[in-house]
Amino acid sequence: MPIGGPGAPVSLINAIDGHSTGGGSVTLTQIVTAGGGGSSSFDPGSGGPATSSLTRSKTGLGGFSGLDLTTSAIAGSGGDHIGAIGSMEPGSDSMSLSDATNDTGRTAASASSTGGGGGNGYFGSDGAKGGKAQGTAKATASGPANSSRAVVFANGGAGGSIGTGSVNNQGGEGGGATATVTSISAGSGSPFATTLASGGNGGGIFSTGTGSGGPGGAGLTNGTISNAGSTPVTMTLNAVGGIGGPGVGTGNHGGTGGAATTLASGSSSGGGTVTVNAGQTGGAGGTAASGATAGAGASSSITNQASGSTAGLLQLNQSAIGGAGGEANGGAGVTAGLAGNASSALTTNNPGGGPLSGNPTATGGIGGRGLGGMHGAKGGNATSAFTLTNPANANGNANATGGAGGASFGGNAGDGGSVGVSLSTVTSSSGGAVSASATITGGAGGTVSSGGGNAGAGSGPSLTDQVDAASTGAVSLQQTVRGGSGGFSTSGSPGAAGGASSTLNRTKASASLITIVEASGGNGGGKNFATGS
């Protein structure tokens with residue numbers, strides 16, 4: 001039996017170095033790319049794994065102004081499988097690590113990692129799974145006033161697709177991606193950290209094959225950041241699930257979107273302002289054609305995944321976005337993909353004793369579009385809430401926005417997603433000024449761009465006594481509700497506007513009390529045709 005040759009593996013570990021004692025900086029870059037596997041009708045070759053790891057510590061060098069490390073690892077793809085006999089070959093994994101320590105100047109570490117793509121399948125073979133990607137960066141500025149910067153990008157390998165001669169086969173799952181980051185300024189320097197972990201897209205269908213799309217890979221990121229001075233500390237971490245692969249043919253389906261998870265923590269022992277941004281977005285569902293069902297977008301739920309501590313201001317921003325539903329394109333039985341829902345909840349305090357700002361945000365995914373006479377899907381729902389307890393001043397802001405309904409070309413469009421905020425409270429145990437606000441916006445109805453279908457209705461949200469605060473100091477409460485707008489149509493009915501209602505009744509024994517309620521209905525849908533209302 002023919003056997004495909006394996007791709008060459010590549011591994012570099014601490015392969016480069018550099019020094020400067022005359023006031024310059026040292027920049028070191030280490031990049032590896034592994035080989036792809038060969039195709040075969042029986043046993044395709046494996047892709048080569050890729051490893052790039054670089055750890056360098058520069059201490060006691062007079063006049064040394066900075067250390068910058070960059071690593072990159074790209075794994076090889078699995079070979080294509082041509083035929084139903086034998087095994088598939090997944091993409092290989094990649095690992096990239098950058099670890100920099102410097103006691104004199106600034107310190108920066110950057111890592112990039114890309115998993116290998118899964119092998120494609122032909123003539124009865126499925127697509128193979130994409131390879132995993134792992135990226136890690138750690139920057140430690142151990143000097144008295146030096147900044148640190150750590151950056152990671154991790155991308156899972158795409159799942160293998162289905163090609164010519166494959167009937168009702170399965171696309172490969174996208175590879176997972178993990179990004180881990182640490183940024184430490186041991187003195188008064190200002191640290192910074194950011195990541196993006198993106199799951200690989202699921203394998204789909206190309207040429208004349210039929211089958212189901214592979215699910216998107218998961219994205220996962222986590223990190224910590226700190227300093228000992230009064231300068232700002234800033235971290236922004238994001239994870240994104242991979243997109244599901246497209247499905248073609250009756251009884252098949254588009255792949256589901258991949259999950260996303262983010263966990264972030266920051267601190268300052270010197271009382272600096274600490275800002276932690278933790279975001280995660282579910283992967284979009286795969287498209288569908290010729291009788292298949294479109295894939296669902298991944299829901300996203302983030303709960304207490306941003307944290308920190310400082311004697312200064314602690315700002316925690318936590319965001320969840322649902323994945324969009326997959327698009328449906330013509331053919332009996334084709335159904336647009338469901339949108340992912342989103343929820344964001346934050347219960348926390350500031351252990352360092354400083355002021356606290358907690359801001360959870362949730363946005364529902366967009367409903368799948370309908371083409372060729374298919375209906376659009378409803379937008380995803382969104383909910384948000386907070387519970388903040390702090391000695392000093394504190395404010396909470398909950399935001400939730402429903403996903404837009406899926407548009408349609410020839411069918412009915414989807415309605416907007418619903419929204420809500422659970423009871424959200426702020427408490428100051430030492431008489432600090434406190435404020436609690438909630439803003440919700442109903443999802444907009446989808447638009448019909450051609451044919452006689454009806455446009456989607458906007459969502460009509462309502463809030464009653466969903467914010468509260470307790471303190472002997474100043475108390476401020478606000479509830480804002482916005483209805484979703486109706487979608488536009490051509491010769492069918494336009495979408496109805498969503499109403500809005502906001503009611504708030506509170507009695508306090510505080511130094512002052514301010515309550516603000518706002519409600520605004522959405523806009524009614526319009527028509528792009530001469531008849532009808």
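You'll find the structure just up there.
Residues numbered from 1 in each chain as written. Predicted model: local features only at pLDDT ≥ 70, side-chain atom pairs only at ≥ 80, totals over all residues. Heavy atoms only, no water.

Novice: Teacher, can you tell me more about the side chain of Thr 182 here?
Specialist: Here Thr 182 is to be found in strand E12 (residues 177–185). By relative accessible area, which is 18% here, Thr 182 ends up buried. (Helix = DSSP H or I, 4+ residues; strand = E, 2+ residues; numbered from the N terminus. Buried < 20%, exposed > 50% of the residue type's maximum accessible area, 1.4 Å probe, protein only.)

Novice: It is not clear to me how the pattern of salt bridges should be interpreted in this structure. Could you clarify?
Specialist: Any two side chains of opposite charge can pair, so long as their charged atoms come close to each other. Evaluated as defined, the whole model comprises six salt bridges. We note a salt bridge from Asp 17 to Arg 56, for which the minimum N-O separation is 3.4 Å. Remark: Arg 56 occurs in strand E3 (residues 50–58) and Asp 17 occurs in the loop between strand E1 (10–13) and strand E2 (25–33); sequence separation between them is 39 residues. With a shortest N-O distance of 2.7 Å, Asp 17 and Lys 58 are connected by a salt bridge. You can see Asp 17 sitting in the loop between E1 and E2 and its partner Lys 58 sitting in strand E3, a full 41 residues away along the chain. Under the relative-accessibility criterion, Asp 17 is labelled partly exposed at 42%. The exposure class assigned to Lys 58 is buried, which follows from its relative accessible area of 3%. The network of salt bridges with common partners includes Asp 17, Arg 56 and Lys 58. (Salt bridge = Lys/Arg side-chain N within 4 Å of Asp/Glu carboxyl O.)

Novice: I would appreciate a short explanation of the pairing of strand E21 (residues 300–303) in the present structure.
Specialist: Sheet faces and side chains relate simply in a regular strand, where the side chains alternate between the two faces. Residues of E21 alternate between two faces, with Ser 300 and Ile 302 buried on one and Ser 301 and Thr 303 left unburied on the opposite face. Bridge count between E21 and strand E25 (residues 342–348): four bridges; the pairing is parallel. The residue bridging Ser 300 from the neighbouring strand is Ala 342, located in E25. (Pairing = 2+ DSSP bridges.)

Novice: I'm lost on the pairing of E25 in this one. Help?
Specialist: Alternating positions in E25 separate cleanly, Ala 342, Ser 344, Leu 346 and Thr 348 being buried on one face and Ser 343, Ala 345 and Thr 347 remaining unburied on the opposite face. Where E25 and strand E28 (residues 382–390) come together, seven bridges link them in parallel fashion. What sits directly across from Ala 345, in E28, is Ala 385.

Novice: Sorry if this is basic, but what is going on with the nonpolar core here?
Specialist: A general trend in soluble globular proteins is that nonpolar side chains are found buried together. Val 181, Met 235, Leu 316, Val 426, Ile 440 and Leu 477 are the most contacted members of the largest nonpolar core, which has 56 residues in total. Ignoring anything within four residues of it in the chain, the contact list for Leu 477 reads Ala 436, Val 467, Asp 468, Ala 469, Leu 504, Arg 506, Leu 513, Ile 514, Thr 515 and Ile 516. Counting eight residues, the second largest nonpolar core, distinct from the first, contains Ala 288, Ala 328, Val 334 and Met 374. (Core = buried A, V, L, I, M, F, W, Y, C linked by side-chain atoms within 4.5 Å. Contact = heavy atoms within 4.5 Å.)

Novice: Looking at this model, I keep getting lost on the environment of Ser 512. Mind explaining?
Specialist: Tracing the backbone through its elements, the reader meets Ser 512 in strand E39 (residues 512–520). Along the primary structure Ser 512 and Thr 472 are separated by 40 residues, whereas in three dimensions their C-alpha atoms are 8.5 Å apart. With near-sequence residues (within four places) excluded, Ser 512 lies in contact with Gly 473, Ala 474 and Val 475.

Novice: For this particular structure, what's the right way to read the side chain of Ser 212?
Specialist: Mapping Ser 212 onto the fold places it in strand E14 (residues 211–212). Ser 212 gets classed as buried once you look at its relative accessible area, which sits at 5%. For Ser 212, the side chain forms a polar contact with the main-chain nitrogen of His 253, separated by 3.1 Å. Leave out the neighbours within four places in its chain, and Ser 212 touches Ile 162, Asn 169, Gln 170, Gly 171, Ile 205, Pro 246, Gly 247, Asn 252 and His 253. (Polar contact = N/O pair within 3.5 Å; in protein donor to acceptor, adjacent residues only side chain to side chain.)

Novice: So what exactly am I meant to see when it comes to the packing of aromatic side chains here?
Specialist: The geometry of an aromatic ring pair comes down to the distance between the two centres and the angle between the two planes. Inspection of every chain in the model, using the stated rule, returns one aromatic pair. Both rings, one in Tyr 122 and one in Phe 206, keep their centres 5.6 Å apart while their planes meet at 75°; by these two values the pair is edge-to-face. Of this pair, Tyr 122 sits in strand E8 (residues 121–122) while Phe 206 is found in the loop between strand E13 (191–198) and E14, placing the two residues 84 residues apart along the sequence. (Phe/Tyr/Trp six-rings, centres within 6.5 Å; stacked < 30°, edge-to-face > 60°.)

Novice: Looking at this model, I keep getting lost on the sheet that holds strand E22 (residues 306–310). Mind explaining?
Specialist: The pairing of strands in a sheet comes from backbone hydrogen bonds and takes either a parallel or an antiparallel form. Taken in spatial order, the eight strands of this open sheet run E1-E3-E6-E9-E12-E15-E18-E22, and their pairing is parallel. Lying at the two open borders of the sheet, with one neighbouring strand each, are E1 and E22. Neighbouring strand axes in the sheet, compared pairwise and without regard to direction, differ in orientation by 5° on average. Pairing of strand E15 (residues 219–227) with strand E18 (residues 260–268), which is carried by nine bridges, proceeds in the parallel orientation. Considered in E18, the bridge of Thr 224 is made with Ser 265. (Axes fitted to C-alpha atoms, helices over the stretch in contact; angles between N-to-C directions.)

Novice: Help me out: how do you make sense of the environment of Phe 488 in this one?
Specialist: Position of Phe 488 relative to the elements: it lies in the loop between strand E37 (474–482) and strand E38 (501–503). By relative accessible area, Phe 488 is classed as partly exposed at 37%. Along the backbone, Phe 488 and Glu 89 are 399 residues apart, and their C-alpha atoms lie at a distance of 48 Å. Those residues in contact with Phe 488 that lie beyond four places of it in its chain are Gly 446, Thr 447, Val 448, Ala 455, Gly 526, Lys 527 and Asn 528.

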